[in-house]
Each structure stands twice: as C-alpha cells, then as structure tokens.
Amino acid sequence: MSNRTQTRSNGRPQSRSDNAREANFQAGRALSELIRTTLGPKGMDKMITTDEGEILVTNNGSSILNRIDVRHPAASVIAELAHQQNERVSDGTTTVVVLAGELLSNAERLIETGVHPTKITRGYSLAASRAVETLEENTVTVDPENETHLRDVCTTVITGRWDEPSKNFLADRAIETLEAVRDGRSVNLEKVTRKSLPGGSYYDSRVVFGLAIDVAESSTTFVSPDEYLPNVFEPATVAIVDGQLTIESAKGQGTVSVTSPEQLAEFREHEQETYRTYADVIAGTGADVVFCQKSIDDPVRYLLARNGVLAVERTRRDELHELERTTGARAVANVTELSSDDTGVAKRIEREPVGSTELAIVTAEEPSDGTDGQTGADHVSLILRGGTEHVAEETKRIVDDCLLVLKLVIEEGSVLPGGGAIEMEIARELREYAPTLAGHEQLAVEAFGDALETIPRTIAESAGMDPIDAIAELRTRHGNGSSSVGIDATDSSIRDTTQAGVIEPLSIKKQAIAGAMEAATVLIRIDDVITASRKDDHHDASHDHDHDHGPGGFVESTGGLPWAVGHSQGHSH
Ligand code: ADP
Ligand code: MG
C-alpha cells in the first residue's frame, strides 16, 4: 500500500494505523459484499468451484463461507462469526455477516470524519443493547399448538431453497417429527435420528416412529436367508452382540494354515461346529432379531434364518446403544456369553426396502407404567431421500434447520416479524435513542441503525423492488407506529410480515446483532494493536509486548481479495 502520504478528508495525515484499519475493514466488507446478494427468499445463487472440480450452486450463506478459503485474518474473524452463528442458532449466517460488514463500512465513514474508534465501539455497544431490548419488546406470542405458525416458522427459515410445495412438504415432516418429541414446551431432539438415503425423490422422505437401522449394509451375501424370514416380527425379542460372528473371533487369530487334506476336513468341521454354536446360542435365547456391531459370516446368517432369526450385521455403535435403550436388551461382547437375560423386546420390527438398502424399523413397547422416556418409546427416525446423495444431504440439512428453529420457537414461545420489519423498527428506535447520548457516540448509534436497514434494503432489492422507495415507505410506516411492517418477498409487497407468516425466532436475531457488533468491535479495535506491534515501527518500540496478539502482517497481506476460492484465485492482484 503506497498511500501513506495521502491526507484524509478531516485534514489528518493518513497514518500506518489508518492503512492497517482500512485493510481490515476492506477484508470484512469484501466477505460481506460477497454473500450479501444471497440474503432472503429471492436471493441469488453463488457457484463455487473447488480444486477437486466439485461444483456447488447455493444461496446459503453458511455453505458458501464454509467452502471458501478465507486468507485474510480480518476476513477470518467474520467467517468465524458466521460459523459461531450457525453453531449456536443454526440460522442467520448471511444476516450476521452482512451486518458486520455494514458496521465496518459505517465505522470507516465515521473515522474519516474524525470520530475516534473507541467512541464508535462504545456507541455500537450501546446500540446493540438497545436493539436487543427492542427485539424483546416486539416479540409475538406463538401458539405451539398452531400448525400454521409452526409451518410459517419453517418456511421462513428454509427461505430461498427449493420451491414452495417442497418446502411445505419438508416443513410438515419436521413438524410431524417435532410433535413426537415435544413435551409441552420442551423439545428433546436427542430422540430424533436422521438418515439421508439417496435414491427416490425427496417426496419419499418420511417419519417413522422408532429406530430405523440399516439391514442390508453388506452385499457379499451369497445365500439369501430371506425366504425363511418374515417381514414383520411382532413383538420382537432382540439380542445385541457388540462384536463379531465370524470364525476369527472364535480362534483368536487371523489366519489358519492347512497343510493336508485331513486337516482341511478337520478345519471345515470345526468351522461348521463353531457356526452352529453361534446360531444355537442366539436362537436359544429366544431372539427374533440379532444386531451385531461387526460382521457376521454367511453360514451363521443362514443357520439363524433357518431358525427364523434375522441377523443384522455392522450396526453402528450409537444405534446399538439406542437399541439397548429402546428394547432393554444388553449388548454382550462375546456371543458365547449371551443368555436370555440379555435380550430385550420391541413392540415390532419391520423390514422395509428403501432405495438400494433395507431398513429394520424398530418400534418400542409402550411404557407399561405410563411414564415417558426410559424405554425410548418416543424415538423418531427421519428417513430423508433425494435423487442423488447431494440432494438427500440437502434434504437432511433443510429438515435439520426446521427442527432447530422449531425447537427455538417452541421453547421461547415467541417469534419476531421477519422480512426486515424488526430491523426497521430497531433503526427507528435507535434514531430516537441517539440524541440522548453525547455527540460522537450518537453518530455511532445512528450508524448502527443504518447498518440494520441494509437487511430490508437487500431483501427489497432482490425481490425486484426499488430499495430506496421501499426503505422510505418502511420508515414512514414505522414512524406511524406499524412496528411489524416489512418486505414480503413472495409478492414484493410491503406489509405486516407477522400476518404474512414471515416470522423467525428471537434468539437468531439476538445472536446476529450481538455477534455482528462484537466482530466489528474486534476489528475496529485491532487496529491500535497492530500499529503498536509492528516490527519495523521504531517510533513506538515500547509496545513490543503486544506481539502476542498475532503476526504483524495484516497490512501487507491484502494486495488483492482477502478470500479465494480453492487455490486457483489465491493471489489475485
Ligand atoms: P440468513 O443466512 O441470515 O438466514 P437468509 O437468506 O436465510 O439469510 O434470509 C433470511 C432473511 O430473509 C430474514 O431476514 C427473513 O426474515 C427473510 N425472509 C424469509 N422469508 C421471507 C419472505 N417471504 N419475505 C421477505 N423476507 C423473508
Ligand atoms: Mg436463513
């Protein structure tokens, strides 16, 4: 950067710290600019290509940020912010990044006019506190029994992804799941298992009440034991082996060397005998189905099938634990230790072909004492489908987002008007609040409000509306007391978004506002540290102890874009 001798608009000479700050701000803003246009239901898509030739088309802010290689330390502060947002409340990643970028932009403008950075961070912090109060004052009580509200919450969160009918379909699957694991206002998502299985359409996705366990993992089976086995066991006695049902395990060694025909015959006989023992022990416990954590040799499966016992191999360990909870069975490590005491009972086990695999749907017994929980009777499995693995995974992500947002809304018991309505209301509130503060902080509080208006402005813009007209009308109507008027992007209108069903959880907005404020503050402050800790800064060596705040290369590292896709655009200048 060679503009050190430039003069700022306020007559102050451009210093190194100005350069450092500019580089940081530029990095944060660039990232925010990159994803800004994806915001809202009519947001644009981004196409991401990677070194491996993978191509991803998405308008999901967090998917984009997850995949791009963020190089600039300041940009990575923003990317980390998005990550945190996603971790904590699973939504609002685009919003938080756009807000942070806008806060930086506005801070830069204020610094240009001579406002000291610490006044800005103080003003921002005051504004964020006031904003959170405004959020809380504007919540609308939501009735957890009202399915329309719940569906609205879902369709608002999965905005911009897929068409209307499929959104409604997936939202309904999420609601169905939620109802099964909801106890009044408390939602236990630990009772939900999700499986994404490619093949079929996402309309084949469904909710099953019970566990869904892959039965046909291995395709090495030569003998089909199917003809001996029923499709439904009702009730079903369950045994669990947390080990394997193979010869190796019995002999405790991997290979057997056979040197003569007699030995071979002897070995074969021993082998057969071992298999028979396995099958006898299992069948002897009265089990209908045995789940095994490792592999099962074909002869064992065959012998068991002849006894009417379904043998399921390679069941994941977490599923074995869930089976233990659901059926009351106890897993044994070695099959020879298995007894009828270790078995459990399921109300029903049904085999069901799904795509290229087969599932065993395990439904638990109703708890006899009428209590809930202990037996896992209320476990729910979501079987999520899609034409390709990618689509099936996306289906899973969408339903996950719905479930998380439903949990938030039901536990909080309230929602906020979306479509930029709440942002407009906070901006209005902040403009009223600002004059009560000292001069420079006042400006920062107003700047915070301006930053929030970017959200409705962007939503309006991508919905094909004139953003200036839209903001003007929104300001007028909020000024007249219509606190929940925002943009309804479905028909590009300005209206009460609560009534339009564009509603979202309080905690997502809270987190977005607090997070954006914190990240912007970090970047506004970092500047001071960088200036003082630069190795070549002989004018102020007394601050050398600040080196541990990170490498001093912030300024130099931003010749071009602060981020890059893969390595192909790594060093554009
Ligand atoms: P984020 O990653 O921040 O969640 P999204 O692209 O999901 O970004 O957009 C979320 C924004 O879109 C929220 O402000 C939400 O209120 C708004 N939104 C959702 N549905 C609509 C709609 N039908 N009309 C207008 N705005 C909507
Ligand atoms: Mg979203």
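Summarised in this report is the structure supplied together with it. None of the values given here were measured: they were computed from a predicted structure.

Quick look at the overall build of the protein
Helix and strand counts for the protein stand at 16 helices and 21 strands. Counting the 573 residues in the protein, one finds 52% classified as buried. Taking all contacts inside the protein whose residues are at least 6 apart in sequence as the whole, residues at least 24 apart take part in 73%. Approximately 25300 Å² of the protein is accessible, and the part contributed by carbon and sulfur atoms is 47%.

Details of the environment of Arg 71
Position of Arg 71 among the secondary structure elements: in the loop between strand E3 (69–70) and helix H3 (73–89). Distance from Arg 71 to Ala 27, taken between C-alpha atoms, is 9.5 Å for residues 44 residues apart in sequence.

Points about the sheet that holds strand E7 (residues 192–198)
On the basis of which strands lie adjacent, the open sheet formed by 3 strands has the order E7-E16-E8 and mixed pairing. Edge positions in the open sheet fall to E7 and strand E8 (206–209), since each of these has one partner strand only. Here the average twist between neighbouring strands, direction ignored, is 25°. In the sheet, E7 pairs with strand E16 (residues 380–386) via 7 bridges, with the strands oriented parallel. The residue of E16 that forms the bridge with Ser 196 is Leu 384.

Observations concerning the site of ligand 1
Around ligand 1, 20 residues are found, and the nearest of them are Thr 94, Thr 95, Gly 419, Ala 489 and Glu 504. Within the contact set of ligand 1, an oxygen atom lies 3.3 Å away from a backbone nitrogen or oxygen of Thr 93. Thr 94 is positioned such that a nitrogen or oxygen atom in its side chain is 2.8 Å from an oxygen atom of ligand 1. Considered on its own, ligand 1 offers 570 Å² of accessible surface; in the complex 93% of this is hidden by protein. Of all the elements in the fold, those that place two or more residues in the shell around ligand 1 are helix H4 (93–112) and strand E18 (485–488). Sorting elements by how many residues they give to the shell around ligand 1 places H4 first, with 3 residues.

Description of unusual backbone geometry
Both trends apply: most residues other than glycine have a negative phi, and most peptide bonds are in trans. Cis geometry is adopted by the peptide bond preceding Pro 235, which originates at Glu 234 and carries an omega value of -5°. Within the fold, Pro 235 resides in the loop between strand E10 (232–233) and strand E11 (236–241). Even without being glycine, Arg 314 reaches a positive phi, approximately 50°. On the secondary structure map, Arg 314 appears in the loop between strand E13 (310–312) and helix H11 (317–327).

Points about the side chain of Thr 395
Structurally, Thr 395 can be placed in helix H12 (residues 389–412). With a relative accessible area of 0%, Thr 395 lands in the buried category. A polar side-chain atom of Thr 395 sits 3.1 Å from the main-chain carbonyl oxygen of Arg 385. Excluding residues within four positions of it along the chain, Thr 395 makes contact with Trp 162, Leu 170, Tyr 202, Ser 205, Leu 384 and Arg 385.

Reading the values: rules and limits
Sequence positions are assigned chain by chain, starting from 1 and proceeding in written order. Key to labels: chains lettered from A, ligands numbered from 1, both in the order written. This being a predicted model, a pLDDT of at least 70 is required before a residue's local features are given, and a value of 80 or more before pairs of side-chain atoms are given or counted; all residues contribute to the totals for chains, interfaces and linings. Working from all heavy atoms in the structure, the side-chain values ignore hydrogens and water. Helical segments are the DSSP runs of H or I of at least four residues, strand segments are the runs of E of at least two, and each set is numbered from the N terminus. Note on classification: 1.4 Å probe, protein chains only; a residue is buried when its accessible area is under 20% of the maximum for its type, exposed when over 50%, partly exposed between these limits. Only heavy atoms enter the contact rule, under which two residues are in contact if any of them lie within 4.5 Å. Here the Shrake-Rupley method, with its probe set to 1.4 Å, supplies the accessible areas, and only the displayed protein chains count as covering residues. Being paired, for any two strands, means DSSP has found at least two bridges between them. Each axis is a line fitted through C-alpha atoms, and for a helix only the stretch in contact is used; angles between axes span 0 to 180 degrees, taken between their N-to-C directions. When at least one non-hydrogen atom of a residue lies within 4 Å of a molecule or strand, that residue is treated as near it. Each polar contact in these results corresponds to two N or O atoms within 3.5 Å; when the atoms are within protein, one needs to be able to donate a hydrogen and the other to accept it, and residues that are neighboring in sequence are counted only if both atoms are side-chain atoms.

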